[in-house]
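Reading the structure
Residues per chain, in single letters:
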Amino acid sequence: MVLTGRAGVLAGLGVLFVALAMPRWAGVGLVVAVVLLVCLVDLLLAGSPRRLQLSREGDTAVRLGQPAVVTLLVANPGRRVKGLLRDAWPPSAGVQDPPHKLDLPNGERRRLTTHLVPTRRGDRHADRVTVRSIGPLGFAGRQGSHKVPWTVRALPPFNSRKHLPSRLARLRELDGRTALMVRGQGTEFDSLRDYVPGDDVRSIDWRATARRNTVVLRTWRPERDRQVAIVIDSGRMSAGRVGDAPRLDHAMDAALLLAALATRAGDRVSLLACDSEVRADVRRPAPQDVLPSFVNALANVDAQLVQTDFRVVVSQVLERLGQRSLVVLLTGLDPAVIEESLLPVIGPLLRRHVVVLASVADPRLTEMESTRSDMIEIYGAASAARTRLDRERVTAVLTRAGATVVDENPDQIAPALADTYLSLKKAGRL
Amino acid sequence: MSTAVGRSGTEAWRALRVPLLATGVVVLGVLVLLIAGAARTSGPFSPDSAEPAGAKALAALLKNHGVDVMGTEDLQTAVDSAAGKTLLVAPGGSLSRSDWQDIARAGWSHIVLIRPSAKALEVVAPGVLDASSTLPKDSRSPDCDLPAAVKAGTATVSGVSYSAPDSAIACYGDGINHTVIRLETGGQIVDVVGSTRTFTNAELADDGNAALALNLIGTHPELVWYLPQYETDGYDDGDKADGPPLVPPDVRYIAWALAFAAFVVAIWRGRRLGPVVPEPLPVIVHAAETTEGRARLYRRSRARDRAAAALRESALGKLHKAHGIPRRADPTAVVSTVAARTGRDPVLLYELLYGQPPADDSDLMFLSNQLDVLTLEVRHP
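The present account deals with the structure reproduced in this document. Predicted, not measured: the structure shown is a model, and the values here were computed from it.

1. With respect to the sheet that holds strand β3 (residues 61–63) of chain A
Residues and elements named next belong to chain A.
- Reading across from one edge, β3-β11-β8 is the order of the 3 strands in this open sheet, with mixed pairing throughout. For this open sheet the edge positions go to β3 and β8 (122–125), each flanked by a neighbour on one side alone. In this sheet, neighbouring strand axes are inclined to one another by 25° on average, regardless of whether the strands run parallel or antiparallel.
- Pairing analysis gives 4 bridges linking β8 to strand β11 (residues 151–155), with the strands arranged antiparallel. Across the sheet, the residue bridging to Arg 124 is Val 152, located in β11.
- Set on the sheet, helix α6 (residues 290–299) makes contact with β8 and β11; between it and β11 the angle comes to about 110°.

As structure tokens, this is what we get:
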């Protein structure tokens, strides 16, 4: 049961009536009886919210920060329902609309639109739909709720896709489409074509030339169909917030850019998100499915406050990869964790594969190290310097062990990782 | 497709009827017990009140002596014709002049007024005047011819005293004013008692108080014990009641109407459009948290040596990079290279880069500034 402002006003007028006309028990009783009677009549005449039939349609996935539209179909088989309808979602689903006004005569249907702008990654499940049906007099009404399940998945935003065109251009350069590649490590035979003046004479295929009237040239292209395994650490080291998002989100961004680039380069990409157990696992999808399957798998991965078990990570990766591959490990560069958990177990991975360790650096540390105006800030600068030195030390240890380390600020980590991939490809180390 | 949440009206009724019935039975039982066992009157000088200011002891005493005591708060009982009975009017309340006239005309054989108002004295006991002086609490002898007082002897009295006309018998006073007065007007005996505490539970056992009470009040086999209330008619006849009541009588109905309106508004504003939607929130930890924590530890423990070592190592790292000095070069080689590039004094430079840890905070600040300047020089030569 609900009452409206009108019932409040009626009761207020009742106070005036008692004060001015009937300052007796009878007056008070009369006011109470009138208000209760009017509300009861209204309540009995209001349409039933429980008998409404609701269903949904609309978006099921949206990139984080983009608007999604979910429509609610309301059908009324019973008495006229007039009042409010609230389509309740969790706060981070970002509902933009106030409660809908509803006026639904018998036998009609309405389509109500809810606009969502999710503020966090992951699945957002619709809560209940609450309908408040006010009676014809407008004094009281009935209220009831329905469960109309729907899920909108907020996908990782992939903000770094703006870097993709420039990296694809560099890939094409490597690919020999804009410039000629020379035979060497990391390239494979592509095709034979006619010699044009200016081509490198070292690439002339003399045997083929002998069979024809023209001089024939061999062209080379980077090796294709290499395997790239992207491993995202979803443990506690990825939970730390850098800027306005956790490390994990920056790592996802970098992983998506690398996946897009490597797919274009003809490599097979697989994805693993892992802390003490596997959180997301995509094994070598078809090239056109890479990005959709990755964003879907990553949408519900959140940083867990547990220490990542690198033994699980290494054994999972080794099990997946047959040939020599590129393993990109996106994690934090915490010296204690790297030295105690990662270094003892990473040996087999380094021996069989090319390992890149990418970590999101915190610009706050650079800021702390450079501001030194009072004693508090000087101790802060010393502490930040110590952190940086530790990171440099562990970077040096990893580099000596044979891994490539990429340690960049959040806005630079994705392009830097893509560049590392391209330079590895160019150097033929894949 | 949707499914409705919560219970329908029929289901709610089915689920609630047994608890509702049980609650109803309990409430009814409590009400019956209250009505059956509760005191009919309450407050100071009530025959049912066992508090120190009550007069249950006196009522019990009177009953033991064969007097039928009937406590009432209803004015009508005091006004109904009642020959051969005693009326006791307790202090308090606010009766109008016409009410007192009705009481006086009702035909009581005996009226006992306990600390009456000036208006009551004027109507019921003409000639008796409030002396506007109080007697201090003391054991006093009657000093009069009133048989009841003479039999009782000394009594503990205190409170208002009155000046009596010559026709009256005045007892228990200081010689001029008295606190127990007996008048006889037209076949009706009127007693005025100014000492309210003498007959209360607290003081009834003192001196001859109980005897005085029995002799004074228990003269007839039936006693109506009237506790005056605030009667609204006090204003209607244009008569000023004894001391204006603090709230006008109408306010109570307006207050009830207001309370009902507030209840309606509370229901109107209090009902939410559906429950609050809960959501598990992610943990927010700033990545630099540990570094900031270590800075606070440095500061709290005044770890100048560690802070200086970190700053020096950081500066050295930058110098190594800028001058292409091998990472494992010995200090003298580093100092000579940097001194040659920047034109600084090698001794001071050695002190700056490899010297003793700073002794106090200002030394650390100085060291930090010097290192800053040095690395900036290297970056922009």
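2. Some thoughts on the state of the cysteines
Residues and elements named next belong to chain B.
- Counted under the stated rule, the structure contains 1 disulfide over all chains.
- The disulfide bridge from Cys 144 ends at Cys 171, spanning 2.0 Å between sulfur atoms. In this structure, the disulfide formed by Cys 144 and Cys 171 twists by about 95° around the S-S bond and is classed as right-handed. Within this pair, whereas Cys 144 is found in the loop between β5 (129–140) and α6 (147–152), its partner Cys 171 is found in strand β7 (residues 169–173), the two being separated by 27 residues in sequence. The pair formed by Cys 144 and Cys 171 is uniform in burial state, with each residue classed as buried.

3. Focus: the interface of chain B and chain A
- Between chain B and chain A, the contact holds 59 residues from the first and 73 residues from the second.
- At the boundary of chain B with chain A, total buried surface from both sides reaches about 5,800 Å², with 63% on carbon and sulfur atoms.
- Taken as a group, Tyr 253, Leu 273 and Val 277 of chain B account for 13% of the area that chain B buries against chain A, more than any other trio of residues on that side.
- One can count 5 salt bridges joining chain B with chain A.
- Measuring nitrogen to oxygen at the nearest pair gives 2.9 Å for the salt bridge that ties Arg 120 of chain A to Glu 279 of chain B.
- If you look at where chain B meets chain A, you find 23 residue pairs in polar contact (both at pLDDT 80 or more).
- For the side of chain B that touches chain A, the elements supplying multiple residues, two or more each, are β1 (3–5), α9 (251–270), β11 (285–286), α10 (289–300), α11 (304–323) and α14 (361–379) of chain B.

4. Overview of the nonpolar core
- Counting 52 residues, the largest nonpolar core has Ile 230, Ile 232, Phe 294, Leu 326, Leu 330, Leu 417 and Tyr 421 of chain A as its most contacted members.
- The contact partners of Tyr 421 of chain A, leaving out residues within four places of it in the chain, are Val 228, Leu 258, Leu 261, Ala 262, Ala 265, Asp 267, Leu 326 and Leu 430 of chain A.
- Residues Val 112, Ala 148, Ala 155 and Cys 171 of chain B belong to the second largest nonpolar core, which totals 32 residues.

5. Remarks on the side chain of Ser 359 of chain A
Residue and element names in this part refer to chain A.
- With respect to the helices and strands, the residue Ser 359 is situated in strand β20 (residues 354–360).
- Classification of Ser 359 as buried rests on a relative accessible area of 1%.
- Among the polar contacts listed, one links the side chain of Ser 359 to the side chain of Arg 391, at a separation of 3.1 Å.
- What Ser 359 contacts, discounting residues up to four positions off in sequence, is Thr 331, Gly 332, Leu 333, Arg 391, Val 406, Asp 407, Glu 408 and Ile 413.

6. Observations regarding unusual backbone geometry
Residue and element names in this part refer to chain B.
- The residue Phe 45 is not glycine, and still its phi comes out positive at about 60°.
- Relative to the assigned elements, Phe 45 resides in the loop between α1 (9–37) and α2 (56–64).
- If you check the backbone angles, Tyr 172 has positive phi at about 50° while not being a glycine.
- Along the polypeptide, Tyr 172 turns up in strand β7.
- Here Tyr 172 falls in the buried class, since its relative accessible area comes to 0%.

About the cut-offs
- The numbers attached to residues start from 1 for each chain and follow its sequence in the written order.
- Lettering for chains starts from A, numbering for ligands starts from 1, and both go in the order in which the items are written.
- Since the coordinates come from a predicted model, pLDDT governs what is reported: local features require at least 70, and pairs of side-chain atoms require 80 or more to be given and counted, while whole-chain, interface and lining totals use all residues.
- Remark: hydrogens and water are excluded; side-chain values derive from all non-hydrogen atoms of the structure.
- Strand pairing is defined by DSSP finding a minimum of two bridges between the two strands.
- By the criteria applied, helices consist of DSSP H or I runs no shorter than four residues and strands consist of E runs no shorter than two, each listed in order from the N terminus.
- Under this scheme, a helix contributes an axis fitted over its contacting stretch, all axes are lines through C-alpha atoms, and angles between N-to-C directions fall in the 0 to 180 degree range.
- Pairs of residues are marked as contacts when any of their non-hydrogen atoms sit within 4.5 Å.
- The definition used for a disulfide is geometric: two cysteine sulfur atoms within 2.5 Å.
- Under the scheme applied here, a residue whose accessible area is under 20% of the maximum for its type counts as buried, over 50% as exposed, and between as partly exposed, the area being computed with a 1.4 Å probe on protein chains only.
- Buried area is a sum: the accessible area each of two parts loses on coming together, probed at 1.4 Å, counted once for each and added.
- Salt bridge, as used here: a side-chain nitrogen of Lys or Arg that lies within 4 Å of a carboxyl oxygen of Asp or Glu.
- Distance and chemistry together define a polar contact, namely a pair of N or O atoms within 3.5 Å, with one atom able to donate a hydrogen and the other to accept it when in protein, and with adjacent residues in sequence counting only for side-chain atoms on both sides.
- Side-chain atoms within 4.5 Å link the members of a nonpolar core, which is a set of buried Ala, Val, Leu, Ile, Met, Phe, Trp, Tyr and Cys residues.

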